[in-house]
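One letter stands for each residue in the lines below.
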Amino acid sequence: MVTVTNRAGAIHPVWFVFWAFFLCASIYFLFDSVGDVLSPELQDGSTTWNRVVWYVGHAVVASPILLIAPFQFMPGLRQSRPALHRWLGRVFLASCMIAGLLGVYLGATISLPGSRIPLTLLGSIWFCFAAIAWQAARRRDFVNHRRFAIRALALGGAFVWVRIINRMQGEIFAFMPIEDLQETTKEWLTLFLPILITEVWLNWGPTVRKLFAR
Ligand code: HEM
């Protein structure tokens, strides 16, 4: 059973710290990207229809996801305003699916060859997790709905994670002499780390705790 409450049933303070950090980082990086979206630095051969529409469409559809997420994952609101949770949930999951598909195209055609496979995988898995979360809600399987919505958020959060890694890239990848290698490693980490951390929290951690309990 995945829980964010402590033994007394109160929401753990770390939960609030995480969401405050996530929201602040999201707003900061979204503002930081406005310039790129308004006048994209296009790769060779880009035209309105083969890139600009996909790029701007992806950015516009994906941005609300980060701002909706804290409301969707706060247990208080979910319980007190179920209708609002359902509507925001539809917007959240539909946006993940549309932005994910646009991300697959952008990732598969990006000029950096080392980024193509991790970005294409990231966009595809993001789409799948959101679609599974939606189907689970339709079937009223709320355990799996919550788990896959968390997984979708973890991958959508790539927007934030990749920019945090980016800021520290020079230091943490200092042992890699080639800049392209650093870029490729960053993209793979952006795919791998959210999956690793989410699965440790949802599955592997509880299993290990049970296996090693006295
Ligand atoms: C909620 C999550 C996301 C938001 C808010 C978001 C937002 C944005 C924004 C604003 C841009 C344009 C600015 C920039 O390039 O820095 C962008 C570009 C891009 N996004 Fe996302 N994104 C999200 C998730 C993802 C995911 C999961 C993928 C995985 C495929 C992805 C793939 C891309 C690619 C490949 C570009 C760059 C395209 C290029 O440089 O030509 N995004 N995104």
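For the structure, check the block above.
Visitor: Would you mind showing me how to read the pattern of salt bridges here?
Guide: Should their charged atoms come close, side chains of opposite charge can pair. Using the criterion set out here, one finds three salt bridges in the structure. Close ionic contact of Asp32 with Arg167 constitutes a salt bridge, the shortest N to O distance being 3.1 Å. Taken together, the residues Asp32 in helix 1 (residues 13-38) and Arg167 in helix 7 (residues 158-172) connect sequence positions 135 residues apart. Between Arg151 and Glu199 there is a salt bridge, with the nearest N and O atoms lying 2.6 Å from each other. Here Arg151, found in helix 6 (residues 142-156), pairs with Glu199, found in helix 8 (residues 179-211); they are 48 residues apart in sequence, far enough to count as distant. Given the relative accessible area of 9%, Arg151 is considered buried. With relative accessibility at 11%, the residue Glu199 sits in the buried group.

Visitor: So what exactly am I meant to see when it comes to the environment of Ile125 here?
Guide: Looking at the secondary structure, you find Ile125 in helix 5 (residues 113-138). On the basis of relative accessibility, which here comes to 23%, the residue Ile125 falls in the partly exposed class. Along the backbone, Ile125 and Tyr28 are 97 residues apart, and their C-alpha atoms lie at a distance of 26 Å. Discounting chain neighbours no more than four positions away, the residues touching Ile125 are Leu155 and Leu191.

The rules behind these values
Residues numbered from 1 in each chain as written. Predicted model: local features only at pLDDT ≥ 70, side-chain atom pairs only at ≥ 80, totals over all residues. Heavy atoms only, no water. Salt bridge = Lys/Arg side-chain N within 4 Å of Asp/Glu carboxyl O. Helix = DSSP H or I, 4+ residues; strand = E, 2+ residues; numbered from the N terminus. Buried < 20%, exposed > 50% of the residue type's maximum accessible area, 1.4 Å probe, protein only. Contact = heavy atoms within 4.5 Å.

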